[in-house]
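Residue-level structure breakdown
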Amino acid sequence: MADQINKGRRRFLKTTALGAAAVPFTGLMLQQQVARADLPRLSEDDDIARSLDYKHDATQVEHRRYQEGQICGNCALWRGGDDEWGVCQIIPGKLVAREGWCNAWVQG
Ligand code: SF4
């Protein structure tokens, strides 16, 4: 009987600790999503986009460095998770398209 109570107590403490640890993490994720939503989308006509040969649709890219299958969403510099638009580490303050591409693509 005492053994069952101790097991239950241990399970409760583990669950509570995990829940407490998840709260700030979830808050941080929500903050990042809100921050991302506030950013404007990069235009292909922006100077930085032109300098990187950036396109919203990688399938339309005709560039010597481009290889089929490369998209922002699988680039090591992508910080957008599964979103359609996300942050790129080298393009400050603007969102890039998950299906986009630029000549700085890095194997993720
Ligand atoms: S560096 Fe990567 S994520 Fe950023 S625009 Fe280029 S391909 Fe997309």
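Residues numbered from 1 in each chain as written. Predicted model: local features only at pLDDT ≥ 70, side-chain atom pairs only at ≥ 80, totals over all residues. Heavy atoms only, no water.

**Some thoughts on the site of the ligand**
Basically, it comes down to this: Working definition: residue near molecule or strand if any one of its non-hydrogen atoms lies within 4 Å of it. Think of it as three bins: nonpolar holds Ala, Val, Leu, Ile, Met, Phe, Trp, Tyr, Cys and Pro, charged holds Asp, Glu, Lys and Arg, and polar takes everything else, Gly as well.
The ligand sits among C72, C75, L77, C88, I90, I91, C102 and W105. Looking at the shell around the ligand residue by residue, the class counts come to 8 nonpolar, no polar and no charged.

**A look at the pairing of strand 3 (residues 91-97)**
Applicable threshold: When DSSP finds two or more bridges between a pair of strands, those strands are recorded as paired. Numbering of helices and strands starts at the N terminus; helices are DSSP runs of H or I of at least 4 residues and strands are runs of E of at least 2.
Taken together, the 4 bridges between strand 2 (residues 85-88) and strand 3 define a ladder with antiparallel strand orientation. By the bridge assignment, G86 is partnered in strand 3 with V96. Joining the antiparallel neighbours strand 2 and strand 3 is a turn of 2 residues.

**Section: the pairing of strand 2**
With 2 bridges connecting them, strand 1 (residues 78-79) and strand 2 associate as antiparallel partners. In the strand pairing of strand 2, W78 is matched with C88. Linking two consecutive strands that pair antiparallel, namely strand 1 and strand 2, is a turn of 5 residues; a positive phi of about 60 degrees is found at G81 within it.

**Section: the sheet that holds strand 3**
The antiparallel open sheet is built from 3 strands, whose spatial order is 1-2-3. Two strands bound the open sheet, and with one partner strand each, they are strand 1 and strand 3.

**Some thoughts on the nonpolar core**
Nonpolar side chains tend toward joint burial in soluble globular proteins. For clarity, the cut-off: By nonpolar core we mean a set of buried residues, namely Ala, Val, Leu, Ile, Met, Phe, Trp, Tyr and Cys, connected to one another through side-chain atoms within 4.5 Å. Throughout this description, buried means an accessible area under 20% of the type-specific maximum (1.4 Å probe, protein chains only), exposed means over 50%, and partly exposed covers the range between. The criterion used for residue contact is that any of the two residues' heavy atoms lie within 4.5 Å.
One finds L42, Y54, I91, V96 and W101 to be the most contacted residues of the largest nonpolar core, which totals 22 residues. Counting residues per element, this core draws most heavily on strand 3, at 4 residues. With near-sequence residues (within four places) excluded, I91 lies in contact with L42, I48, L52 and V96.

**Side note on the pattern of salt bridges**
We apply this condition: A pairing counts as a salt bridge when a side-chain nitrogen of Lys or Arg comes within 4 Å of a carboxyl oxygen of Asp or Glu.
What the rule picks out here adds up to 3 salt bridges. Put simply, D82 and R98 hold a salt bridge, and the shortest N to O gap is 3.5 Å. Remark: R98 occurs in the segment after strand 3 and D82 occurs in the loop between strand 1 and strand 2; sequence separation between them is 16 residues. Residue D82 is classed as exposed on the basis of its relative accessible area of 70%. Given the relative accessible area of 17%, R98 is considered buried.

**Focus on the confidence of the model for the protein chain**
Threshold: Every residue is assigned a pLDDT by the predictor, reflecting its confidence on a scale from 0 to 100.
When pLDDT is averaged along the protein chain, the result is 81; 66% of the residues meet or exceed 70. Within the protein chain, helix 1 (residues 2-38) has the poorest average pLDDT of any element, 52, and helix 2 (residues 47-51) the best, 98.

**Side note on the environment of W101**
Put simply, the test is: Polar contact criterion, stated in full: a pair of N or O atoms within 3.5 Å, where within protein one must be able to donate a hydrogen and the other to accept it, and residues adjacent in sequence count only if both atoms are side-chain atoms.
With respect to the element layout, W101 can be found in the segment after strand 3. Considered as a pair, W101 and A49 are 52 residues apart in the sequence and their alpha carbons are 9.9 Å apart. The residues touching W101, leaving out its near neighbours within four places in the chain, are D53, Y54, K55, A58, V61, H63, R65, Y66, Q70 and C72. Side chain to side chain, W101 and Q70 meet in a polar contact 2.9 Å long.

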